[in-house]
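Listed here are the chains, written in short residue letters.
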Amino acid sequence: MPIDMKNHSGEIANEPGATIPNGAAAAAILATGAGCFLVSAFAWLGDAFPVVARFFNFYNPTGPLSGVTTSAIIIWLVVWIILSKVWGGRFVPMGIISIIAFLLLGLGFFLSFPPLGNFLQGR
Amino acid sequence: MQMSLRELITAVHGMGFGALFLLAFSGALVKLHRLRTPDISSDFTAHERTLFRVYLIVMAVLAWVTVLSGAYVVYPWYRAHPPAGVTDYTDFPQRRLLSSPTTSGWHNLGMEWKEHVAWFAPIAVTMIAYIFIKYGADLSRDRYVRNVVFAFGAAAFIAAGIAGVFGALINKAAPMQGGAIIRMMVETK
């Protein structure tokens, strides 16, 4: 029997006890946070370590950017698929998941900004 | 009136795909904001939802085409190294920017930031399109999810804006040149 979680405006409060399974949305949101973070993290690693930059040099005319973005996109999609399989059709704690996703997004912005990335590398 | 092939492709990448994407984004944010207002979101008709689904898919495609054309067509021209002995960096924008301390920041800050942060936009817009298509009318009833989707949309808009602004300013500081000349109009005198 569904739990009536309607608030004053008639909408469904998602957390706790939402009546619409939010697992698929949570999977997409967390994977997006991870994808954005990975783009910046891989770029930062490539910038800090020449051996990593050489590894990411998938397509020479584009340089390490090709491997950084291709790797991040592949992992983003794999994480999304796995989380969707695990969480799809289920109710998950959206609050904590969205906080983690925003933290990853924020870290992604932080690392992508060259002065901050350089500062972490001691430059 | 003429322009080089590289100038044309760069304009299509930035002023075509990129600018169109940013313009579309403002419309999408208004729609997503409307979804956050329960009384109004319930007024979404089935036709409006279908239209918004198509709108978001087109936006996601535009975002991907923009970053892919940037990374695999324009960026290789930008970062190309001049052959040994060449001191005229007209056709080598990165070298040209780095050759002077008054312009090196456009590369060290502008391009280094733009080339990575731009990818946040297609990733986030793909997620937004997926969630809207997957949840449809139910999204207007799920306050938490739609607020998170709106926040990611705003973040993606900022990321795309950073990339767009720096792209335009870098191309102003060191215009992309080279390639075949395309004549669009021949003046008689």
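What you are looking at is a predicted structure, and each value in this text was computed from that prediction instead of being measured.

Peer 1: Any chance you could explain the overall build of chain B here in plain terms?
Peer 2: Helices and strands together make up the secondary structure of chain B, namely 7 helices and 2 strands. Compactness check: chain B gives a C-alpha radius of gyration of 20 Å against a globular reference of 16 Å for 189 residues, more than 25% above the reference. The principal-axis extents of the C-alpha atoms in chain B amount to approximately 65 × 45 × 25 Å. Of the contacts formed within chain B by residues at least 6 apart in sequence, a portion of 76% connects residues at least 24 apart. Carbon and sulfur atoms make up 66% of the accessible area of chain B, which amounts to about 9200 Å² in all. Between the averaged position of the 17 positive side-chain charges in chain B and that of its 11 negative side-chain charges there is a distance of 2 Å.

Peer 1: Would you mind showing me how to read the interface of chain A and chain B here?
Peer 2: Taken together, the 48 residues of chain A in the interface contact 38 residues of chain B. Carbon and sulfur atoms supply 74% of the area that chain A and chain B bury against each other, a total of about 3700 Å² over both sides. Summed over the shared surface of chain A and chain B, the number is 0 salt bridges. For the interface between chain A and chain B, the tally reads 6 residue pairs in polar contact (both at pLDDT 80 or more). Elements supplying a minimum of two residues to the side of chain A that touches chain B: helix H1 (23–48), helix H3 (64–87), helix H4 (94–112) and helix H5 (114–120) of chain A. Here the residues of the side of chain A that touches chain B are counted per class, giving 27 nonpolar, 19 polar and 2 charged.

Peer 1: Teacher, can you tell me more about the pattern of salt bridges here?
Peer 2: When the charged atoms of two side chains lie near each other, side chains of opposite charge can form a pair. As enumerated under the stated definition, the model contains 2 salt bridges over all chains in all. Note that arginine 123 of chain A is salt-bridged to aspartate 47 of chain A, the shortest N-O span being 2.9 Å. Here arginine 123 of chain A is found in the segment after H5, whereas its partner aspartate 47 of chain A is found in helix H1, with 76 residues between them in sequence. You can call arginine 123 of chain A exposed: its relative accessible area is 59%. Note on aspartate 47 of chain A: relative accessible area 42%, which makes it partly exposed. Here lysine 31 of chain B and glutamate 48 of chain B are joined by a salt bridge, their closest N and O atoms 3.7 Å apart. Taken together, the residues lysine 31 of chain B in helix H1 (residues 5–35) and glutamate 48 of chain B in helix H3 (residues 46–79) connect sequence positions 17 residues apart. Overall, lysine 31 of chain B belongs to the partly exposed group, its relative accessible area being 23%.

Peer 1: So what exactly am I meant to see when it comes to the environment of glycine 46 of chain A here?
Peer 2: Residues and elements named next belong to chain A. Looking at where glycine 46 falls in the secondary structure, it is placed in helix H1. Overall, the relative accessible area of 12% leaves glycine 46 in the buried class. Spatially, the C-alpha atom of glycine 46 lies 7.2 Å from that of proline 64, the residues being 18 residues apart in sequence. In contact with glycine 46, other than residues within four places in its own chain, are Val52 and Ala53.

Peer 1: Even after reading the chapter, I still don't get the nonpolar core, so can you show me in this structure?
Peer 2: Generally speaking, soluble globular proteins have nonpolar side chains that are buried together. By size, the foremost hydrophobic cluster in this structure holds 85 residues, and its most contacted members are Phe21 and Ile131 of chain B. Sorting elements by how many residues they give to this core places H1 of chain A first, with 14 residues. In this structure isoleucine 131 of chain B touches Ala25, Ala28 and Ile29 of chain A together with Gly136, Leu139, Val145 and Val149 of chain B, once residues within four positions along its chain are discounted.

Peer 1: So what exactly am I meant to see when it comes to the packing of H1 of chain B against H3 of chain B here?
Peer 2: Packed helix pairs are specified by the crossing angle of their axes together with the interaxial distance, meaning the distance between the axes. Residue and element names in this part refer to chain B. One way to put it is that H1 packs onto H3 with a least axis distance of 9 Å and a crossing angle of 150°. Taken together, H1 and H3 sit at an angle that is classed as roughly antiparallel. Crossing hand, H1 versus H3: left-handed. Here the residues of the contact of H1 with H3 sort into 18 nonpolar, 7 polar and 4 charged.

Peer 1: Please explain the confidence of the model for chain A as it appears in this structure.
Peer 2: The predicted coordinates should not be examined in detail at positions where pLDDT is low. Per-residue confidence for chain A averages 88 on the pLDDT scale, and 85% of its residues sit at or above 70. In the model of chain A, H5 of chain A stands out as the element of lowest mean pLDDT, 94, in contrast to H3 of chain A, which has the highest, 98.

Peer 1: Help me understand the packing of aromatic side chains in this model?
Peer 2: Where two aromatic rings form a pair, the distance of their centres and the angle of their planes describe that pair. Using the criterion set out here, one finds 18 aromatic pairs over all chains in the structure. An angle of 85° between the planes, with centres 5.1 Å apart, marks the rings of phenylalanine 109 of chain A and phenylalanine 120 of chain B as edge-to-face. With phenylalanine 109 of chain A in helix H4 and phenylalanine 120 of chain B in helix H6 (residues 120–135), the pair connects residues from two separate chains. You can call phenylalanine 109 of chain A buried: its relative accessible area is 19%. Ring centres of tyrosine 75 of chain B and tyrosine 78 of chain B lie 6.1 Å apart, and the angle between their planes is 20°; on these two criteria the pair is classed as stacked. Within this pair, tyrosine 75 of chain B and its partner tyrosine 78 of chain B are both found in helix H3, separated by 3 residues, close to a single helical turn. The exposure class of tyrosine 78 of chain B is buried, given its relative accessible area of 3%. Taken together through their ring pairs, the aromatic side chains of Trp76 and Trp80 of chain A together with Trp64, Trp119 and Tyr130 of chain B make up a single cluster.

How each quantity is defined
- Residues numbered from 1 in each chain as written.
- Chains lettered and ligands numbered in written order.
- Predicted model: local features only at pLDDT ≥ 70, side-chain atom pairs only at ≥ 80, totals over all residues.
- Heavy atoms only, no water.
- Helix = DSSP H or I, 4+ residues; strand = E, 2+ residues; numbered from the N terminus.
- Rg over C-alpha atoms; globule rule 2.2 N^0.38 Å.
- Contact = heavy atoms within 4.5 Å.
- Areas by Shrake-Rupley, 256 points an atom, 1.4 Å probe, with all protein chains shown as cover.
- Lys, Arg positive; Asp, Glu negative; His and termini not counted.
- Charge placed at Lys NZ, Arg CZ, Asp CG, Glu CD.
- Buried area = accessible area lost by both parts, 1.4 Å probe.
- Salt bridge = Lys/Arg side-chain N within 4 Å of Asp/Glu carboxyl O.
- Polar contact = N/O pair within 3.5 Å; in protein donor to acceptor, adjacent residues only side chain to side chain.
- Nonpolar A, V, L, I, M, F, W, Y, C, P; charged D, E, K, R; others polar.
- Buried < 20%, exposed > 50% of the residue type's maximum accessible area, 1.4 Å probe, protein only.
- Core = buried A, V, L, I, M, F, W, Y, C linked by side-chain atoms within 4.5 Å.
- Axes fitted to C-alpha atoms, helices over the stretch in contact; angles between N-to-C directions.
- Parallel < 35°, antiparallel > 145°, perpendicular 65-115°, else oblique.
- Left-handed = near helix turned anticlockwise from the far one by under 90°.
- pLDDT = per-residue confidence, 0-100.
- Phe/Tyr/Trp six-rings, centres within 6.5 Å; stacked < 30°, edge-to-face > 60°.

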